[in-house]
Amino acid sequence: MNNIFKNKRFKYGSFAVAMTVIVIAAIIILNLIVTSIDQKVGLRIDLTKEQLYSISDETDQALRIGLGDEYDSFDITIYFLAERDLFTYYDSAYYSSSGTDREHFTRVRDLAEEYERLYPNNVRVEYIDINKEPELANKYLNESQTTLSYQNVIIQGKHHYRIRSINSFYATDTDSGKLYAFAGEKNMTASILQASLPEAPVISFTVGHGESWSKGFEDIFTATEFEVKKVDLATEDIDPKTKILVVYNPVSDFYGYTGGDNTEGKGNEIDKISAFMADKENFNSMMVFVNSSTEDLKNLREYLWESWGIDYIPNYKLADEKNSIVNGSDYYSIIGNYSAEENTAAYLLHKAASTANIRTVLRNAVALRINTAGTMTAKPAAAVSTYDTAYALHSDGQGGVIRENGSYPVIALSTSHTYGDNNASKYKYVMLVGSTDFGSDSFISNSFGNRSIVYSAIRNMSTDRVIPDIDYKKFEETALTLTSEQAEKLTWFVTLTFPLIIICVGIAVFVRRRHL
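Residues numbered from 1 in each chain as written. Predicted model: local features only at pLDDT ≥ 70, side-chain atom pairs only at ≥ 80, totals over all residues. Heavy atoms only, no water.

**Q** Please clarify how unusual backbone geometry should be interpreted in this entry.
**A** It is generally the case that most residues other than glycine have a negative phi and that most peptide bonds are trans. The phi angle at Asn-249 is positive, at roughly 55 degrees, despite the residue not being glycine. Here Asn-249 lies in the loop between strand E9 (242-248) and helix H9 (269-278). You can call Asn-249 buried: its relative accessible area is 18%. Even without a glycine there, the phi angle at Asn-357 is positive, about 60 degrees. With respect to the secondary-structure elements, Asn-357 resides in the loop between helix H11 (345-355) and strand E14 (361-363). In this structure Asn-357 comes out as exposed when scored by relative accessible area, which is 69%. (Helix = DSSP H or I, 4+ residues; strand = E, 2+ residues; numbered from the N terminus. Buried < 20%, exposed > 50% of the residue type's maximum accessible area, 1.4 Å probe, protein only.)

Below you can see the structure in the form of structure tokens.
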């Protein structure tokens, strides 16, 4: 027995086995250490062309300006409603049912963890099982009157919270229904702002006049720090927290100038709009969207012209055979010509789109008119016009159609300047857009400058806040796609391959020594 232990082959073999065990243990320990460091400081590299998993400088800029003095002390907890590792399984289930996107859940999870790594003193990510922790779930269920599942994310701040679905972090093509871009950074940053502000400002859409707008257009506002509300001016007052009033595609007129208080008991709506815009403390703004089919809304038109020097010319439908997006045989999807002097408010409206050479498209547009002399309190200007190749079609009153060639304003911005506390410059704006298709799902995507113009308008009109101007990140432009499943397989391959090689070498050495 003693001879066996003294045998050279046994000694060499034992040494090889011991070395193999030590190397395997070292690799396992090293893997645990690296994983722990990665969770704390982040060692992963985003190799995607569109930086799907990275947080841009625009997020920090938006948080700094939007939160102001509370930037250093903002406190956010992001709750995912399942155990962390389960999201890889949910990815597989989503892919099995949809046939697309292998990282639908883990992409959002990993982005949230990136916020935690970037803001370690302000952002925490927690994973809770709502079945095991019903108290926490019931708090949000009772307050929000909604259902909660692993498909929801809760962003809890000092003052408010936002409940988002995983799907809301993606952009969906309205025609095919397929996901085409990741809106994670934009929507996560907006939710953090919304949850951190003591009182979120409001954007109010008027209703009661046949107004209608697309979901894509409203999503632009819900993706900002604003809370979206609706107001019927005939029976309701405008929420005092409202910063921007939106009139989108009205069919009937607003009660006001020509009729005073309506005999049916509806209040003077124009007076409410006028009082809202005349507020000397809050410096409010307004957006109006009309089209070539919008009727002659005399009260609304009179208010816009008398107070702001801008108006639309009813039934003057614009077309352009040279500068339009061809849609069948018509030329009504006209391409806008960016105008206005540099460094003016009208120029800033389209600066981001025009400097990037992105086209703005206005379909079924109506011609606008501008009082170039301005009014006593406002200075209007054209931000976007048609090219000289355009023409307006309108009735001659006898069943015929008149064609008038020329350039026409299609987006106008009227600015009123005043002074606030400590003689600080303050501005109010009214933007008139001559196309309601301007904000349709077809034209509000990244492909056109329409969305950029709306964001610029919101930033200008919300003078005390900065809206996160973060683009969607399209999937098809990624240079490298490495799914969570593939990453997991690669990790196991790297973790096991080298130890297996060492084991095989050790066994080979052991066998060889036995035969020496």
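**Q** Would you explain the sheet that holds strand E16 (residues 379-385) in this entry?
**A** What links the strands of a sheet is backbone hydrogen bonding, and the strands pair in either a parallel or an antiparallel sense. Strand order across the open sheet formed by eight strands is E8-E7-E9-E10-E20-E19-E16-E13, with mixed pairing between neighbours. The strands lining the two open edges of the sheet, one partner per strand, are strand E8 (227-231) and strand E13 (337-338). Sheet analysis places strand E10 (residues 285-289) next to strand E20 (residues 425-433), joined by four bridges and oriented parallel. By the bridge assignment for E20, Phe-289 is matched with Val-433. (Pairing = 2+ DSSP bridges.)

**Q** What is the right way to read the sheet that holds strand E15 (residues 366-370) from this model?
**A** Read from one edge of the open sheet, four strands run E15-E11-E17-E18, paired in antiparallel fashion. One side of each edge strand has no neighbouring strand; the edge strands of this open sheet are E15 and strand E18 (401-405). Direction aside, the axes of adjacent strands within the sheet are offset by 45 degrees on average. As paired elements, strand E11 (residues 310-320) and strand E17 (residues 390-395) share four bridges and run antiparallel to each other. Across the sheet, Leu-318 pairs through a bridge with Ala-392, a residue of E17. Relative to the sheet, helix H10 (residues 298-308) contacts E11 and E15, its axis offset from that of E11 by approximately 110 degrees. (Axes fitted to C-alpha atoms, helices over the stretch in contact; angles between N-to-C directions. Contact = heavy atoms within 4.5 Å.)

**Q** What am I meant to see in the pattern of salt bridges here?
**A** Opposite charge on two side chains permits pairing when their charged atoms draw close. Counting across every chain of the model gives 16 salt bridges. Note that Lys-229 and Asp-239 form a salt bridge whose closest N and O atoms lie 2.6 Å from each other. Pair noted here: Lys-229 is in strand E8 and Asp-239 is in the loop between E8 and E9, with a separation of 10 residues, a long-range link. The salt bridge involving Asp-237 is made with Lys-272; its shortest N-O contact spans 3.6 Å. Taken together, the positions of Asp-237 in the loop between E8 and E9 and Lys-272 in helix H9 put the pair 35 residues apart, joining distant regions of the chain. Here Asp-237 falls in the exposed class, since its relative accessible area comes to 63%. The network of salt bridges with common partners includes Asp-296, Lys-298, Arg-301, Asp-311 and Arg-369. (Salt bridge = Lys/Arg side-chain N within 4 Å of Asp/Glu carboxyl O.)

**Q** Explain the pairing of E15 here, please?
**A** Most of E15 is tucked away, with four of its five residues classed as buried. Strand direction decides the pairing type here: E11 and E15, joined by four bridges, are antiparallel. Each bridged residue has a counterpart across the sheet, and for Tyr-312 the counterpart in E15 is Leu-368.

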